[in-house]
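# Overview (structure and organization)
Given next are the chains, with one letter for each unit.
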Amino acid sequence: MSRSFDVEREEIPEVWKGESRVKLLERMEKVALEYAELLLKAQKLKAMDRPSNRDYRSVLHFMENDGGQLFEEDMGFIYEKEDLITLRPGREYAWLDGLLERTLKVLRCRLIKFFFCPKETRDKTDDKDIHYYDRDRISTCVTMMITTIVLALLVVPIWLLYRFSIQGTIATSPDTIGVVLVFTLVFSAALTCFTKAKRHEIVAASAGYCAVLVVFLGNVNNVGSVPR
């Protein structure tokens, strides 16, 4: 039916002239495949990591202050932050690296320079106001900090609950419930800050952490109630 309609059409579009229906369908299929491939590439670009605020500000300040005439005409793209992507793989706690580096700059001394500025990084510049810190040492220090926080979240509440058990009021003291609630909230905040866990994963992990404290609470209470 559509074929007869095309044959009886008085005016044929210019792009259709000289082409049969088969040729038109082949050309349409080719265009559709190219468009689908373009969509897949756009999706892959959208899924790539975006630059962190720290990296973005670093590049922005360089282009505005140190770029000179090199970037005056072509730097408009840097202000479109939503469209920028980074090829550098992001870390789950990269913000902690930046916080540590800023702290080291404030607490600048020979001891810090000895631990975080090896000879290879010190040789990169002669400017006394510019300091390059070793990335591996920064990462090691951050890992040690996170490990310490994790150990504290496990040891401190258990120690407090044990102290309450010695006093004999672990089952009735409101401080006991407060310890469980506060440290569960701190644990949830630590997961949010230091990991890329999703909401349901944070809820599940927090519930498991709270369950561990409650089980320890029940076991200590049972042991304390046994007559001697």
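The shown structure was predicted, so the numbers you read here are calculated from the model rather than taken from an experiment. (Residues numbered from 1 in each chain as written. Predicted model: local features only at pLDDT ≥ 70, side-chain atom pairs only at ≥ 80, totals over all residues. Heavy atoms only, no water.)

### Topic: the layout of surface pockets
In this structure, the second largest pocket occupies an estimated 400 Å³ of space. Lining the second largest pocket are 12 residues, and of these Arg-54, Arg-57, Ser-58, Val-59 and Lys-105 sit closest to its centre. Among the secondary structure elements, those contributing two or more residues to the lining of the second largest pocket are α3 (53-66) and α4 (94-106). Sort the elements by how many residues they give to the lining of the second largest pocket and α3 lands first, with eight residues. Partitioning the lining of the second largest pocket into residue classes produces two nonpolar, three polar and seven charged. (1 Å grid on protein atoms, 1.4 Å probe; cavity = no way out; pocket = protein on both sides within 12 Å on 5 of 7 lines; lining within 4 Å. Points joined across faces, edges and corners; volume = space filled by probe spheres on them. Helix = DSSP H or I, 4+ residues; strand = E, 2+ residues; numbered from the N terminus. Nonpolar A, V, L, I, M, F, W, Y, C, P; charged D, E, K, R; others polar.)

### Re empty space enclosed by the protein
Counted under the stated rule, the structure contains one cavity of 30 Å³ or more. Estimates place the volume of the largest cavity at around 30 Å³. Taken together, Arg-108, Cys-109, Ile-112, Lys-113, Cys-117, His-131 and Tyr-133 make up the lining of the largest cavity. Split by residue class, the lining of the largest cavity holds four nonpolar, one polar and two charged.

### Describing the UniProt feature "transmembrane region" (unreviewed entry) in the protein chain
Cross-referencing UniProt, the feature "transmembrane region" (unreviewed entry) maps to residues 138-162, 177-195 and 202-220 in the present numbering. The span residues 138-162 is 100% helix and 0% strand, and its two end C-alpha atoms sit 36 Å from each other. Annotated as residues 177-195, this span is 95% helix and 0% strand, and its ends, taken at the C-alpha atoms, are 27 Å apart. (UniProt positions renumbered as here; feature names shortened; annotations may be inferred.)

### Observations regarding helix α8 (residues 174-194)
Its 21 residues place the ends of α8 30 Å apart at the C-alpha level, agreeing with the 30 Å of an ideal helix rising 1.5 Å per residue. Taken together, the buried positions of α8 are Thr-176, Val-179, Val-180, Phe-183, Thr-184, Phe-187, Ser-188, Ala-190, Leu-191 and Phe-194. Looking down the long axis of α8, one finds its buried residues gathered within 160° of arc, a one-sided arrangement. In this structure, α8 carries Pro-174, Ile-177, Leu-181 and Leu-185 as exposed residues pointing more than 90 degrees from its buried face. (Expected span 1.5 Å × (residues − 1). Buried < 20%, exposed > 50% of the residue type's maximum accessible area, 1.4 Å probe, protein only. Arc of directions from axis to C-beta.)

### Details of the nonpolar core
Core analysis: the largest hydrophobic core is formed by 24 residues, its most contacted members being Leu-104, Phe-116, Tyr-133, Ile-138, Val-142, Leu-153 and Tyr-209. Elements supplying a minimum of two residues to this core: α4, α5 (110-116), α7 (135-167), α8 and α9 (199-225). Examining the composition of this core, we find that seven residues originate from one element, α8, more than from any other. Sequence-distant contacts of Ile-138, that is, excluding residues within four places in its chain, are made with Asp-97, Leu-100, Glu-101, Leu-104, Phe-116 and Tyr-133. Judged by nonpolar contacts, the second largest core, of six residues, contains Tyr-56, Leu-60, Met-63 and Met-75. (Core = buried A, V, L, I, M, F, W, Y, C linked by side-chain atoms within 4.5 Å. Contact = heavy atoms within 4.5 Å.)

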